[in-house]
Amino acid sequence: MSYEPIIGLEVHVQLATASKMFASAACGSGAPPNTLTDPVVLALPGALPVLNKAALDAVIRTGLLLGCRINPVCRWDRKNYFYPDSPKNYQISQYDQPVCLGGEVEIELPGPTPAVMGEHRRIPLTRIHLEEDVGKLTHGAGDSLIDFNRAGTPLMEIVTEPALRSPDEAFAFLTALRTLLVCAGISDCDMEKGQMRCDANISIRPVGETKLGTKVELKNLNSISYVRAGIAKEIARQLAVVAAGGALTQETRLYDGESGRSAAMRSKEMAHDYRYFPDPDLLPVHIDEAWQADLRASLPERPFDRQRRFIADLSLAYSACAVLIRDRALADFFEETVHAGTAPQAAANWTTNDLLRELTAASLPLRESKVTPAHIAGLAALVKQGVVSSSQARDVFSEMFASGETAAVVVERKGLRQSTDTTQLAAWCDAALAAHAGSVAQIRAGNPKAINSIKGAVMKLSAGKANPRLVDEILRQRLGI
Amino acid sequence: MSQPPDLNIDYVARLARLELTPDERRAYAAQLGGILHYLDVIKQADVSGVEPSAHPLPIHNVWREDRPQPGLTVEQALQNAPRKRDDQFVVPRVID
Amino acid sequence: MDTALIHQPLSALTGLLAERRVSSVEMMAAFIARTKAVEPRLHAFNSFDEPAALAAARASDERRTLGRILGPLDGIPIGIKDAIAVAGAPLTCSSKMLANFVSPYDATVIERLRAGGAIPWGRLNLDEFAMGSSTENSANGVTLNPWDLTRVAGGSSGGSAAAVAASQAPAALGSDTGGSIRQPAAFCGLVGVKPTYGTVSRYGLAAFASSLDQIGPLTRNVDDAALLLGVIAGHDPRDSTSLARPAPDFPVEMVARRGPWKLGVPAEYFREGLDPAVAAAVRKAIDFYSAQGGEIREVSLPVAAEYAIAAYYIIATAECSSNLARYDGIRYGHRTQNATDAIDLYARSRAEGFGDEVKRRILLGTYVLSSGYYDAYYLRAQKLRTLIRQDYLRALDGLDALVTPTTPTPAFRPGEKTADPLSMYLADIFTVGVNLAGLPAVSLPCGFTAAGLPVGLQLIGRHFEEPRLFAVARSYEQAHAWHKMRPTVASSE
Ligand SMILES: [Mg+2]
Ligand SMILES: [Zn+2]
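My aim in this report is to walk through the structure given alongside it, one point at a time. (Residues numbered from 1 in each chain as written. Chains lettered and ligands numbered in written order. Predicted model: local features only at pLDDT ≥ 70, side-chain atom pairs only at ≥ 80, totals over all residues. Heavy atoms only, no water.)

1. Re the overall build of chain A
Inference 1: In terms of helices and strands, chain A carries 15 helices and 17 strands.
Inference 2: Against the 2.2 N^0.38 benchmark of 23 Å for 481 residues, chain A shows a C-alpha radius of gyration of 30 Å, more extended than a compact globule.
Inference 3: The dimensions of chain A, computed from C-alpha atoms along their principal axes, are 95 × 55 × 50 Å.
Inference 4: Carbon together with sulfur atoms contributes 53% to the accessible area of chain A, which is approximately 20,300 Å² in total. (Helix = DSSP H or I, 4+ residues; strand = E, 2+ residues; numbered from the N terminus. Rg over C-alpha atoms; globule rule 2.2 N^0.38 Å. Areas by Shrake-Rupley, 256 points an atom, 1.4 Å probe, with all protein chains shown as cover.)

2. A word on the interface of chain C and chain A
Often, the extent of an interface is quoted as the loss of accessible area upon association of its parts.
Inference 1: Taken together, the contact pairs 39 residues of chain C with 31 residues of chain A.
Inference 2: Both faces considered, chain C and chain A share a buried interface measuring about 2,800 Å² in area, 60% of it formed by carbon and sulfur atoms.
Inference 3: The tally of links from chain C across to chain A stands at 1 salt bridge.
Inference 4: Between Arg202(C) and Asp281(A) there is a salt bridge; the shortest N-O distance is 3.1 Å.
Inference 5: Put simply, chain C and chain A have 19 residue pairs in polar contact (both at pLDDT 80 or more) between them.
Inference 6: Among the elements of the structure, helix 10 (302-323), helix 11 (342-353), helix 12 (356-369) and helix 13 (375-396) of chain C are those that each provide at least two residues to the side of chain C that touches chain A.
Inference 7: For the side of chain C that touches chain A, the element with the most residues is helix 10 of chain C, which contributes 4 residues. (Contact = heavy atoms within 4.5 Å. Buried area = accessible area lost by both parts, 1.4 Å probe. Salt bridge = Lys/Arg side-chain N within 4 Å of Asp/Glu carboxyl O. Polar contact = N/O pair within 3.5 Å; in protein donor to acceptor, adjacent residues only side chain to side chain.)

3. With respect to the coordination of the zinc ion (ligand 2)
Residues and elements named next belong to chain A.
Inference 1: Every protein donor of the zinc ion (ligand 2) is listed here as His12 (NE2), Glu131 (OE) and Glu157 (OE), and their distances to the metal cover 1.9 to 2.1 Å.
Inference 2: Each donor residue of the zinc ion (ligand 2) lies on the same chain, and together they follow the pattern H-x118-E-x25-E. Residue Glu131 is located in strand 8 (residues 120-132), and its partner Glu157 is located in strand 11 (residues 154-160); the two are separated by 26 residues in the primary sequence.
Inference 3: Residue classification places Glu157 among the buried residues on the basis of a relative accessible area of 10%. (Donors = N, O, S within 2.8 Å, 3.2 Å for Na, K, Ca; no water. Buried < 20%, exposed > 50% of the residue type's maximum accessible area, 1.4 Å probe, protein only.)

4. Examining the packing of helix 13 (residues 437-444) of chain A against helix 14 (residues 451-461) of chain A
Residues and elements named next belong to chain A.
Inference 1: Helix 14 packs onto helix 13 with a crossing angle of 145° between their chain directions and a minimal axis gap of 8 Å. The way helix 13 lies across helix 14 gives a crossing that is left-handed. On helix 14, the residues that touch Ser439, Val440 and Ile443 of helix 13 are Ile451, Ser453 and Ile454. (Axes fitted to C-alpha atoms, helices over the stretch in contact; angles between N-to-C directions. Left-handed = near helix turned anticlockwise from the far one by under 90°.)

5. Overview of the coordination of the magnesium ion (ligand 1)
Residue and element names in this part refer to chain A.
Inference 1: At this site the magnesium ion (ligand 1) is bound by Tyr83 (O), Ser86 (O) and Asn89 (OD1), with donor distances of 2.1 to 2.3 Å.
Inference 2: Counting residues between consecutive donors of the magnesium ion (ligand 1) along the chain gives the motif Y-x2-S-x2-N.
Inference 3: Given a relative accessible area of 24%, Tyr83 falls into the partly exposed group.
Inference 4: Given the relative accessible area of 0%, Asn89 is considered buried.

6. Quick notes on the sheet that holds strand 4 (residues 77-80) of chain A
Inference 1: On the basis of which strands lie adjacent, the open sheet formed by 3 strands has the order 5-4-16 (chain A) and antiparallel pairing. Only two strands of the sheet have a single partner each, and these edge strands are strand 5 (90-93) and strand 16 (277-278) of chain A.
Inference 2: With 2 bridges joining them, strand 4 of chain A and strand 16 of chain A adopt antiparallel strand pairing. Across the sheet, the residue bridging to Asp77(A) is Pro278(A), located in strand 16 of chain A.
Inference 3: With respect to the sheet, helix 10 of chain C is in contact with strand 4, strand 5 and strand 16 of chain A, its orientation differing from that of strand 4 of chain A by roughly 60°. (Pairing = 2+ DSSP bridges.)

7. Comments concerning the pattern of salt bridges
Residue and element names in this part refer to chain A.
Inference 1: According to the stated counting rule, one finds 66 salt bridges over all chains in the structure shown.
Inference 2: Across the salt bridge formed by Arg253 and Glu251, the nearest N and O atoms sit 2.8 Å from each other. Side by side, Arg253 and Glu251 carry an identical accessibility label, which is buried.
Inference 3: Glu399 is the partner of Arg413 in a salt bridge, and the nearest nitrogen-oxygen pair spans 3.1 Å. Here Arg413 is found in helix 11 (residues 407-413), whereas its partner Glu399 is found in helix 10 (residues 390-403), with 14 residues between them in sequence.
Inference 4: On the accessibility criterion, Arg413 (46% relative accessible area) is partly exposed.
Inference 5: Looking at Glu399, the relative accessible area reads 23%, which means it is partly exposed.
Inference 6: Each of the salt bridges in this network shares a partner with another, and the network as a whole consists of Glu104, Glu106, Arg122, Arg302, Asp305 and Arg308.

8. Here we look at the nonpolar core
Inference 1: Grouped together as the largest cluster of nonpolar side chains are 213 residues, with contacts concentrated most on Ile78(C) and Tyr392(C).
Inference 2: No other element matches the 14 residues that helix 10 of chain C contributes to this core.
Inference 3: Leaving out residues up to four positions away in the same chain, Ile78(C) has contacts with Leu10(C), Leu73(C), Leu113(C), Ala118(C), Ile119(C), Pro120(C), Trp121(C), Ala171(C), Ala172(C), Leu173(C) and Leu228(C).
Inference 4: Of all hydrophobic cores here, the second largest spans 67 residues; its members include Phe22(A), Leu177(A), Leu221(A) and Leu295(A). (Core = buried A, V, L, I, M, F, W, Y, C linked by side-chain atoms within 4.5 Å.)

9. Let's talk about the interface of chain B and chain C
Inference 1: Between chain B and chain C, the residue contacts involve 49 residues of the former and 68 residues of the latter.
Inference 2: When the buried area of chain B at its contact with chain C is split by residue, Arg17(B), Ile42(B) and Pro56(B) rank highest and sum to 14% of it.
Inference 3: If you look at where chain B meets chain C, you find 1 salt bridge.
Inference 4: Here chain B is connected to chain C by 22 residue pairs in polar contact (both at pLDDT 80 or more).
Inference 5: Of all elements in the fold, only helix 1 (9-15), helix 2 (22-39) and strand 2 (88-92) of chain B reach the threshold of two or more residues within the side of chain B that touches chain C.
Inference 6: The dominant element in the side of chain B that touches chain C, judged by the number of residues it contributes, is helix 2 of chain B, at 9 residues.
Inference 7: Class assignment of the residues belonging to the side of chain B that touches chain C gives a composition of 32 nonpolar, 8 polar and 9 charged. (Nonpolar A, V, L, I, M, F, W, Y, C, P; charged D, E, K, R; others polar.)

10. A few points about the side chain of Ser369(A)
Residues and elements named next belong to chain A.
Inference 1: Among the structural elements, Ser369 can be located in the loop between helix 8 (344-362) and helix 9 (373-384).
Inference 2: One polar contact links the side chain of Ser369 to the main-chain carbonyl oxygen of Val371, over a distance of 2.9 Å.
Inference 3: The residues contacting Ser369, other than those within four sequence positions of it, are Leu355, Leu359 and Phe401.

11. Regarding the environment of Leu439(C)
Inference 1: Tracing the backbone shows Leu439(C) in the loop between helix 15 (432-437) and strand 12 (441-448).
Inference 2: Not counting chain neighbours up to four residues away, the residues in contact with Leu439(C) comprise Lys194(C), Pro195(C), Thr196(C), Tyr392(C), Leu393(C), Leu396(C), Val434(C), Ile460(C), Gly461(C), Arg462(C) and His463(C).

Okay, here's the thing in structure tokens:
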């Protein structure tokens, strides 16, 4: 019998707010332990929560980007359970009236080669709700330490339908979601820092069966590649159990990315009786059309929409699009370069190759780049006019990047302007011909490719300033070929 | 008054994280049984079509702007902690 | 020291300070001396900080010398229920759980008192975490009634009521979740106010049941209640349920409202179970209003009378079971020795730290929220809450206030009701519906039983209509002298 896997994801995303979900203490990572707290975060007697509007706005914006229905009335509920990282021993969350219902995430599967776009699919969502993060436990030999700095950070939980069919789809889902959320400024989605966390519900069933099989919840998938590997391993584990005639048990398993193995969790929360009820300290939120319209106006173009537009309107190669849409600022930079008059493919090459290379080498973020779209447009124009060769242009780019000067200034300062002075060119050519008698002989013997070494010599003599087209003309004229 | 058949006092005490002595267990089961017997009066009320009220007044959309405020110092945060080490709260080792 | 000083209402004390006939330090010293003298008999205080109180009084005197007083209550001590956070002071909630807890922050009401120059005075006893009606559920022992030391002061704000009645403080703050200000006010012959839900910030009040809790004043007379409520009321951005409207100027608006009054008498509340002396005193008060030209109308509260207690105990305990989950011995509070793991730590710390009634309510609240019972109990109670509010608003239509007894009986004896928790719950019949509906209510003295125990009259108004309630209460108070009576424990000095 052949089986198919059914995968659903629950993704927790920390929202990039300055203060906490229900407290005014600052959010942040890397601060010394227990320095980002207040009476509310620590759940001291008498402390009360107050909603951070920016966090709610972020979730509504996410919902609008993902085509969710925005609940006209959403509500805050308490999820009651005891755990040392949870200061109140209940989590403020949303039970039956979340901010967003439905919606979908568009994903792109890998193509046959990196230059070819893969298939796109839409993964339906169940809901998106807003809740608060817990503190951080560090386990020692005999005890555990708790730092509540992270406690109360706004956390958006995105729940998919059981609609993913492969580890690759899960990988593509998280990639697409991360790109979208980073692009909209909703989260930094750094999985290493725990800003994005993913649990997967995995089951298998015989192909053709419509009921869902026994589901296993896989936790601790704390990088995108762990998500792919962990799900693949879990599917393989379930198939092996079934193949051996065994039965699967519904359980929660912790994945260990290092070893690639998972193990059933030992401490099972006794029955999941969370006793949800509306938080009496918080009031419902009514989200009207005007509010949504305001937020809609602040939304960026979605990355895959942008990719479609780049391909359709700018005839840009897919491989360049794929790089550009991953980074909203870079794609904006690219578009501005095109608006400044640069041909799209050239603009794409400059931004995705040269600019990114220089930024990486200098460990600079794009916003600190001294090279602006106008710089690139200027340089591209000089190349087009034949003032500099493309190899010179690369050096000019590096100079611009280092100094912030325009291409024209760099070309003048470095004397890089290509020489079109035919007398000078002829003199360099003659000198090169004289110095490379062997190559001349080869040419005459019927090997025209030997001209390249002579051209190289001319470029060397001219310190790269000789216009290659004119050099070629003069040499051929001299050689009579 | 006897304990209603569906009051599982051990289950409730576990959920509430309250360890009960055998005497307490018996006493609470009996008392809660009596109280629940009284509370069952609400089952007679006609509440069809009635909206529940979680709050006494129908207020909504209360929030604050996203501006961080100074909170507690680490000393204040830990001043009442029964056990602390390295500026953190200490609990018996938690297993996953 | 003039012993008369400590028996004065706030309105008189402010005058004495303004006329420089007494300094704040002298006044504070008098209340300290009085507290020390009667405290062994009463036990109204869990603790007090004498040096801090005197330092605050000195600072007030200096302000007054410079002509820079901060408000009408500058230099006057106000007793504080030990469930309200005062920075640097113990906050025990009369629980072993918080025996060693010191709050690092001020409740909003404390900030407001301080901003007005008032002196937060003492940590007043209560039923543990405000759960109870007699202050018997205190880990620190019962507070006795200044009018009769063989009886309870009521609860949960029993310490607040006893301290004012015994002149250990001229006024105090309590909190009222189901009658916890009004009932001890009635038992101790004081004015007690449960404001409209949201009028006073709950920030810094250790929560019992969030959707029901309100802080309010316990005072010697209505003018004092209006004055003190004015100082502590108003919007607080740290409490989401705080009303966004500015608090009225209670003393000014109160005198702007005049009778004769249209009052409603709920028929269901004058039936069996009502103590004859209480019934007689309340009837006489109603006759007074009628004689003043008032219109007395019989009204009905069918849903509230039948279901309010049940709905209240479901909602209050559900909220308490969750609100008190934070007491786990990790960040603060009582912690058991040698716990083997976190679950053991929770279960034993909480078993050791909480008293009997708190455990009972946590268990009940956990049960009514638990899987399979939520709809039958909690959700149904919330629907009844809607109907109960409608009940009150319908009854109040066209009226200035509803009139009821505050309690079915006068102060009872310690131990009289502890064996049967349900009997204690049932005594909340007149007060809990008001909290479910979020309405304002006042209890004021309306006479004494033959045995000399005070009787309380409850006036219930529409939302936000405290000034009208105060005016109705004041017109009775000005024609009677009950509020000027002092208990023997006070005159024994
Ligand atoms: Mg906890
Ligand atoms: Zn979650």
